[in-house]
Amino acid sequence: MEKTFVMVKPDGVKRGLIGAIVARFENKGFTLVKGELMQLSREKAEVHYGHLRAKPFFGELVDFITSGPVFAMVLEGKDAIKNSRLLIGATNPSEAGAGTIRGDFALDVEANIVHGSDSAENAEIEIERFFGKG
Ligand code: DAT
Ligand code: MG
């Protein structure tokens, strides 16, 4: 069974949607292995979104993701990375299909409610970044 890292972003936490989002993953068949409400430091946010450092929206993205607590999770299931990304939907909620989390819960690319690791390598790095080793 594969593990992946998912987090409910500050918009989802503020809107009271942690339970609804966790339920989507559980309904699909994922097992919640770890879950913790945490506040990201600017430093951690800048590393987490390091692949977007050159983008004009990078500063706003870091402001947003540090604007309140996130609900960080480790989810386990078959082909967890591929299946969680399918469930999350396209980065821009305007392009995310109905039935996906972003398609059903978000309108704006800057506040798209949930993050999910995009590769096995990044899942391992992100799980360690948020929950430490082991
Ligand atoms: P994803 O979150 O689908 O993996 P990503 O890693 O390319 O997408 O980008 C990370 C986050 O950055 C994304 O969830 C929202 C924000 N973002 C991406 N593209 C953006 C854009 N064009 N304008 C504003 N925010 C953007
Ligand atoms: Mg990404």
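Residues numbered from 1 in each chain as written. Chains lettered and ligands numbered in written order. Predicted model: local features only at pLDDT ≥ 70, side-chain atom pairs only at ≥ 80, totals over all residues. Heavy atoms only, no water.

An unreviewed UniProt entry annotates the protein as Nucleoside diphosphate kinase of Paenibacillus oryzae. Among the UniProt annotations of the protein, the heading Subcellular location (unreviewed entry) holds the following wording: "Cytoplasm". According to UniProt, the comment filed for the protein under the heading Cofactor (unreviewed entry) is "Mg(2+)". (UniProt positions renumbered as here; feature names shortened; annotations may be inferred.)

Undergrad: Requested: an account of helix H2 (residues 18-28), with residues and values cited.
TA: The periodicity of an α-helix, 3.6 residues per turn, causes residues three or four places apart in sequence to face the same way. For H2, every residue scored as buried is listed here: Ile21, Val22 and Phe25. Each buried residue of H2 sits inside an arc of 100° when the element is viewed along its axis, so together they form one side. (Buried < 20%, exposed > 50% of the residue type's maximum accessible area, 1.4 Å probe, protein only. Helix = DSSP H or I, 4+ residues; strand = E, 2+ residues; numbered from the N terminus. Arc of directions from axis to C-beta.)

Undergrad: Run through helix H4 (residues 58-65), naming residues and quoting values.
TA: Buried residues of H4: Phe58, Leu61, Val62, Phe64 and Ile65, and no others. Projected down its long axis, H4 carries its buried residues within an arc of 160°, all on one side.

Undergrad: Just give me the short version of the pairing of strand E1 (residues 2-8), but keep the residues and values in it.
TA: Most of E1 sits out of view: five of its seven residues are buried. Bridge analysis of E1 against strand E3 (residues 70-77) gives seven bridges, and the strand direction is antiparallel. Bridge pairing in E3 places Met7 opposite Ala72. Where E1 meets strand E4 (residues 114-116), three bridges bridge the pair, whose relative direction is antiparallel. Paired with Val8 across the strands is Val114, a residue of E4. (Pairing = 2+ DSSP bridges.)

Undergrad: Could you give an account of the pattern of salt bridges, with specific residues and numbers?
TA: Within this structure, the stated rule accounts for five salt bridges. In this structure, Asp104 and Arg24 form a salt bridge, with 2.9 Å as the shortest nitrogen-oxygen distance. Of this pair, Asp104 sits in helix H6 (residues 101-105) while Arg24 sits in helix H2; the two residues are 80 residues apart in sequence, bridging distant segments of the chain. Asp104 gets classed as partly exposed once you look at its relative accessible area, which sits at 37%. Lys133 is the partner of Glu128 in a salt bridge, and the nearest nitrogen-oxygen pair spans 3.4 Å. The structure contains a network of salt bridges with shared partners spanning Arg42, Glu46 and Asp63. (Salt bridge = Lys/Arg side-chain N within 4 Å of Asp/Glu carboxyl O.)

Undergrad: I'd like to hear about the site of ligand 1, residue by residue, with values.
TA: Neighbouring residues of ligand 1: Lys9, Tyr49, His51, Leu52, Phe57, Leu61, Arg85, Thr91, Arg102, Val109, Glu110 and Asn112. Between ligand 1 and Thr91 there is a distance of 2.5 Å, counted from an oxygen atom to a side-chain nitrogen or oxygen. Considered on its own, ligand 1 offers 520 Å² of accessible surface; in the complex 79% of this is hidden by protein. Split by residue class, the shell around ligand 1 holds five nonpolar, three polar and four charged. (Near = heavy atom within 4 Å. Polar contact = N/O pair within 3.5 Å; in protein donor to acceptor, adjacent residues only side chain to side chain. Areas by Shrake-Rupley, 256 points an atom, 1.4 Å probe, with all protein chains shown as cover. Nonpolar A, V, L, I, M, F, W, Y, C, P; charged D, E, K, R; others polar.)

Undergrad: Lay out the nonpolar core with the relevant residues and their values.
TA: Core analysis: the largest hydrophobic core is formed by 19 residues, its most contacted members being Ile21, Phe25, Met73, Ile101, Ile113 and Val114. At the level of secondary structure, the elements contributing two or more residues to this core comprise E1, H2, E3, helix H5 (80-88) and H6. If we skip the residues at most four places from it in the chain, Ile21 touches Val8, Ile101, Ile113 and Val114. One finds Met38, Val74, Phe130 and Phe131 within the second-largest nonpolar core, a separate group that totals 18 residues. (Core = buried A, V, L, I, M, F, W, Y, C linked by side-chain atoms within 4.5 Å. Contact = heavy atoms within 4.5 Å.)

Undergrad: Account for the UniProt feature "domain: Nucleoside diphosphate kinase-like" (unreviewed entry) in the protein, naming residues and giving values.
TA: Within this structure's numbering, the places UniProt gives as "domain: Nucleoside diphosphate kinase-like" (unreviewed entry) are residues 1-134. With 43% helix and 19% strand, the stretch residues 1-134 has end C-alpha atoms that lie 16 Å from each other.

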